[in-house]
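# Geometric and topological summary
So the chains spell out like this:
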Amino acid sequence: MSVFNAEHFVAKAIESILAQTFTNFEFLIADDGSQDHSFEIIKLYAAKDPRIKLFRQENQGLSKTLNFLLEQSQGIYIARMDADDISLPDRFQQQVNFLDQRPAVVCVGSAFEVIDDRDRYLTWLKLPIDDQAIQATALAGHGSICHPAAMIRRSALVKIGGYDTTLAQAEDIDLWLRLGEIGQLANLPQPLLRYRLHTQSVSGQCREQQRQSSRIACERAWQRRGIEGHFEASDPWRPGPDRASQHHFMLQYGWWAFNSRQRRTAIIYGLKAIQKLPWAIAGWKLLVVALIKPLPPVQQGPDPDASS
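So, here's what we can say about the structure. Computed from a predicted structure; not experimentally measured.

## Section: the layout of surface pockets
- Considered as a void within the structure, the second largest pocket measures approximately 570 Å³ in volume.
- Taken together, 26 residues form the lining of the second largest pocket, with Phe25, Glu26, Tyr77, Ile78 and Ala79 sitting closest to its centre.
- For the lining of the second largest pocket, the elements supplying multiple residues, two or more each, are β2 (27-32), α3 (62-72), β4 (77-79) and α4 (91-101).
- For the lining of the second largest pocket, the element with the highest residue contribution is α3, accounting for 4 residues.
- For the lining of the second largest pocket, the per-class residue count stands at 19 nonpolar, 4 polar and 3 charged.

Shown next, in the form of structure tokens:
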């Protein structure tokens, strides 16, 4: 886990790893030049649990920091984790069992729940589960494995040379494409991670750079594989700095919440949407629906109340 200015979330991220039902692991954490209280918070946990190995460095960026941690690691599997997310308790056990039983698979991710900066449940998102679908999705430039939900064979990660530090903001899609050239990729269908959406996240701040780097990663993969690819620029799924974009995403989060039977959260995001664009009817529609409409039927999937 690489940490940079995550003082508001890092404690929950660490606690979620230390609470795993699978306990035989080392927890490598690098503070990447944080300017807040992140390092002091991590030190408190490192003093209590010997599985934590803590490093501190000047800011190097995510890819270089992950490559450094890879060099320090000793396990046969590398589990990625971000400092603002939450791993569900059986994540490691489920992924270790899967990889132990399938030697051809070099990386396994999972579906994931989506939460906001206040831990409010929004929805859960599925990902393709078989190798062919995952690779096809990645080759088109779409997210196919949730990076902080991934567990990777260390030998495979070393074999491909770790993360490409020239592809800022798209190091994950490049990694899946290169791993997919030496083995199979997979996702477990059940959510094993709570992925946090907030405006301070890296992917929320660098949307255009992420898109450009993703295209480069895909073009390199097409060339390596000798295929003619087609890049499908994904719509961003985090708000930009303009009010129109923020309004759009407040609506998205609100409807996610309503359809997940989270009435209070839907009301909150209806109000947020109205605050961004008071004269747009869509925000008022969300608010009215969230206030008076019956909640939709319970859908098959994780229990939202367990995530609230």
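## A few points about the pairing of strand β6 (residues 105-115)
- Buried residues dominate β6, accounting for 11 of its 11 residues.
- Strand direction decides the pairing type here: β6 and strand β9 (residues 184-196), joined by 9 bridges, are parallel. Across the sheet, Ile115 pairs through a bridge with Arg196, a residue of β9.
- When β6 meets strand β8 (residues 151-153), the two strands line up antiparallel, connected through 2 bridges. Bridge pairing in β8 links Val108 to Met151.

## Brief notes about the packing of aromatic side chains
- According to the stated counting rule, one finds 7 aromatic pairs in the structure shown.
- When the ring of Phe249 is compared with that of Tyr253, the centres are 6.1 Å apart and the planes differ by 55°; the resulting orientation is tilted. In this pair, Phe249 and Tyr253 are both assigned in helix α10 (residues 243-259), 4 residues apart and thus about one turn of the helix distant.
- Here the aromatic rings of Tyr253 and Tyr269 are separated by 5.8 Å at their centres, their planes lie at 90°, and the arrangement is edge-to-face. Of this pair, Tyr253 sits in helix α10 while Tyr269 is found in helix α11 (residues 263-276), placing the two residues 16 residues apart along the sequence.
- Given a relative accessible area of 6%, Tyr253 falls into the buried group.
- Across from the ring centre of Tyr269, 5.9 Å away, lies the NZ or CZ of Lys272, which sits over that ring.

Calculation criteria
Residue positions are given per chain, counted from 1 along the sequence in the order it is written. Local features in this predicted model are restricted to residues of pLDDT 70 or higher, and side-chain atom pairs are both shown and tallied only at a pLDDT of 80 or more, whereas totals for entire chains, interfaces and linings draw on every residue. The side-chain numbers reported here are obtained from all heavy atoms of the structure, hydrogens and water having been left aside. Buriedness of a pocket was judged along seven lines, with at least five required to meet protein on both sides within 12 Å; pockets are open sets of points on a 1 Å grid over the protein atoms alone, cavities are sets where a 1.4 Å probe fits but cannot get out, and lining residues have an atom within 4 Å of a point. Grid points are joined across faces, edges and corners, and a volume is the space filled by probe spheres set on the points. Helix numbers and strand numbers start at the N terminus; a helix is a DSSP run of H or I with at least 4 residues, a strand a run of E with at least 2. Any residue that is not Ala, Val, Leu, Ile, Met, Phe, Trp, Tyr, Cys, Pro, Asp, Glu, Lys or Arg is counted as polar, Gly included; the first ten are nonpolar and the last four charged. Each residue gets one of three labels from its accessible area relative to the maximum for its type: buried under 20%, exposed over 50%, partly exposed in between, using a 1.4 Å probe on protein chains only. Two strands pair under a simple rule: DSSP has to find at least two bridges between them. Pairing of aromatic rings covers Phe, Tyr and Trp, the last counted by its six-membered ring, and requires centre-to-centre distances within 6.5 Å; plane angles under 30 degrees mean stacked, over 60 mean edge-to-face, and any other angle means tilted. Two thresholds decide whether a charge sits over a ring: the Lys NZ or Arg CZ must be within 6 Å of the ring centre and within 35 degrees of the ring normal.

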